[in-house]
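This is what each chain is made of:
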Amino acid sequence: MKYQGCLLAVKDIAASKHFYEKVLHQNVVMDIDAHVTFEGFTLQQGYAELVGLTDDSIKKQSHNFQVYFEVDDLNKVYAEMKSIFSLQWVHEIKEYPWGQRDIRVYDPDKHIVEIAEDMTTVFKRFFNQGMSAEEVATRTMFPLEVVKQYALGFGM
C-alpha cells in the first residue's frame, strides 16, 4: 500500500483551486473539473454525493485537521499573505518552545492551513545568534548528533 495524500472536500472548486494555486503557489498535477490534484493533496467538489453522504454531514470549520506547508523564509510569506485583505487568519506569526515559527490561515472552506519554517531555517537562525550545537539541540529537542550534522552542512 502506498500513501497518496489527503483529499479536502470543498464547496467551490474554483475558489479553492485559486487559493492553493495563486496564494500558496502550489502546482496543479491534474485538473478534471470537480477534482483538482496538487502535489500531495487533492480538492474535491461534491464529495458528499460522491461517497453517498448528505451535504449537511460535511462539517465546515471543524478545527480537527490542517494542511501543512514549510518555507525557508516565513517573514516573506507572512508579508505576502498580509497583503491579501480577504484572508482569514487563525493566528499570525507564533513561535513555539522548540523555536519553530508559523502562521495559520483558513482556506476558502475553512480548512486550517499551517505555514511553518522548516527546521533547517530554525537551526540556521539559532547558529547565527551564536548558540552552540548543544544549545540548539536543547532548544529544538533534536538529538545533538542531528544538530551537528546540520551544522556541518552550514559550514560551521
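Residues numbered from 1 in each chain as written. Predicted model: local features only at pLDDT ≥ 70, side-chain atom pairs only at ≥ 80, totals over all residues. Heavy atoms only, no water.

A. Quick look at the nonpolar core. In terms of nonpolar packing, the biggest core is built from 22 residues, with Tyr20, Leu24, Met81 and Ile115 touching the most fellow members. Contributing elements (two or more residues each) for this core: β1 (6-10), α1 (13-23), β3 (35-38), β4 (41-45), β5 (66-71), α3 (74-82), β7 (101-106) and β8 (112-117). It is α1 that contributes the most residues to this core, four residues altogether. Not counting residues up to four positions away in its chain, the partners in contact with Tyr20 are Leu8, His25, Gln26, Phe38, Phe41, Leu43, Val67, Phe69, Asp107 and Val113. Residues Met119, Phe123, Met131 and Val147 belong to the second largest nonpolar core, which totals 11 residues. (Core = buried A, V, L, I, M, F, W, Y, C linked by side-chain atoms within 4.5 Å. Buried < 20%, exposed > 50% of the residue type's maximum accessible area, 1.4 Å probe, protein only. Helix = DSSP H or I, 4+ residues; strand = E, 2+ residues; numbered from the N terminus. Contact = heavy atoms within 4.5 Å.)

B. Representation of helix α5 (residues 133-140). Taken as a whole, α5 has its buried residues at Ala133, Val136, Ala137 and Thr140. All buried residues of α5 project into a common sector of 100° when viewed along the axis, lining one side. On its buried face, α5 sits against α4 (119-128) and α6 (144-153). Two residues or fewer past α5, Met141 is found with a positive phi of approximately 70°. (Arc of directions from axis to C-beta.)

C. Region of interest: the pairing of β7. Where burial is concerned, most of β7 is hidden: six out of the six residues are buried. Burial of β7 is two-sided: the residues Arg101, Ile103 and Val105 facing one way and the residues Asp102, Arg104 and Tyr106 facing the other way are all buried. Sheet analysis places β7 next to β8, joined by five bridges and oriented antiparallel. Within β8, the position partnered with Tyr106 by the bridge is Ile112. What sits between the antiparallel neighbours β7 and β8 is a turn of five residues, in which Lys110 has the positive phi angle 70°. (Pairing = 2+ DSSP bridges.)

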